[in-house]
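Single-letter residue listing:
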Amino acid sequence: MSAAQYLHRRETGVPCVTLSLAYSKVYKQLQNPFVLILDNADDVLESGDAKLKDDVLKFIEDILAQCNHIKLLLTTRESLNYLSLKLPIHLERVGVLDEVASGNLVKSLFPDVLDDDCSSIVKACGQVPLAMRLMCSIVTEDHVSVDELLEELKISPLVERKSIISSLTDGLTDDKLYRKAVEVLSKAELFLFSLLPDEELLFKTIYDTALNEAQKRKNVADERKLLTSKSFIHWGWFSSDGQTWDHSLQAGYTDAADCPAKLLCYHGIHQIFCGETGRGHVVLLKVQWIV
């Protein structure tokens, strides 16, 4: 069942709770084990409709609790780490394909592709399956050449780390570009994480590069903004091997009221991930007072 189907049923006037109950009853009656796929689940979980989100989570909880013969698979375009706090599920981030598999995918989608064009598509898309699929679709359905598409989209592969860092370093020396970079990076950590789900080091380097320039300029306010956004790294790439919070992120703040709400929020979530649920909730309550 896709998220779109779930939304359609809701929009036709059939209560989602009723649908969830009906589905649950049907699934419980089935004897043979099978996999239930909720495709594009973030379409409903991140739709902004709190009631719909609660209904879907309740449906998932019912399936997990009452239907042991069912394996539930949710697919999302973005990582929804909070689900593991609400549900007994395992999160698996799908990374990029290797070069050979990427080439095979492009050739299966675009059988007549030339070897050079195939390599260009793989490189431009950073070996990301969905990106390669979309690009091949545009080329084959809109009848444009790969070179024309690359020129039109002005694609610069994210995987070229040196180019990114070099451009950022050079650009930050310009006052106008520096201001814009700080403004963007102060708000872009979630966006960058969605683009670079397997690139923790690149994420860190981007922020460290901007932080270095802020320190050169002795701009404490900008430094704090960038450190706050950089702190996302502690739970965006959380693992059992790296549970140490960098307390220097909060250095210079006299108390919780002086500390950015976003920084406290990230700290609280990190503590919950570490199993320090009580402490995490205390920190998150401080965020409520600030907001």
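The rules we used
- Residues numbered from 1 in each chain as written.
- Predicted model: local features only at pLDDT ≥ 70, side-chain atom pairs only at ≥ 80, totals over all residues.
- Heavy atoms only, no water.
- Core = buried A, V, L, I, M, F, W, Y, C linked by side-chain atoms within 4.5 Å.
- Buried < 20%, exposed > 50% of the residue type's maximum accessible area, 1.4 Å probe, protein only.
- Helix = DSSP H or I, 4+ residues; strand = E, 2+ residues; numbered from the N terminus.
- Contact = heavy atoms within 4.5 Å.
- Axes fitted to C-alpha atoms, helices over the stretch in contact; angles between N-to-C directions.
- Parallel < 35°, antiparallel > 145°, perpendicular 65-115°, else oblique.
- Nonpolar A, V, L, I, M, F, W, Y, C, P; charged D, E, K, R; others polar.
- pLDDT = per-residue confidence, 0-100.

Going by the annotation in an unreviewed UniProt entry, the name recorded for the chain is NACHT domain-containing protein, with Desmophyllum pertusum given as the source organism.

For the rest of this paragraph, the subject is the nonpolar core. Core analysis: the largest hydrophobic core is formed by 30 residues, its most contacted members being Leu185, Phe203 and Leu226. Residue assignment for this core shows that the elements contributing at least two residues are helix H11 (175-185), helix H12 (189-195), helix H13 (200-216), helix H15 (233-236) and helix H16 (261-273). Among the elements that take part in this core, H13 stands out by supplying 7 residues, more than any other. Excluding anything up to four places from it in sequence, leucine 226 contacts Val182, Leu185, Ser186, Tyr207, Ala210, Leu211 and Ala214. Leu38, Val44, Val56 and Leu87 belong to the second-largest nonpolar core, a separate cluster that totals 15 residues.

Here we come to the packing of H13 against helix H14 (residues 220-230). Interaxial distance between H13 and H14 falls to 9 Å at its minimum, and their mutual angle equals 170°. Comparing the axis directions of H13 and H14 gives the class roughly antiparallel. Only Asp222, Glu223, Leu226, Leu227, Ser229 and Lys230 of H14 make contact with H13, whose side of the interface consists of Phe203, Lys204, Tyr207, Asp208, Ala210, Leu211, Ala214 and Gln215. Residues of the contact of H13 with H14, tallied by class, amount to 7 nonpolar, 2 polar and 5 charged.

Okay, the confidence of the model for the chain next. Of all residues in the chain, 75% attain a pLDDT of 70 or more, and the chain-wide mean is 75. Here helix H1 (residues 3-11) stands out as the least confident element of the chain, with mean pLDDT 44; helix H6 (residues 99-109) is the most confident, with 93. Within the model, the stretch residues 1-19 combines pLDDT values under 50 with 32 contacts to residues more than four positions away or in other chains. Considering only residues more than four positions removed or in separate chains, one finds that residues 155-160, a stretch of pLDDT under 50, has 11 contacts.

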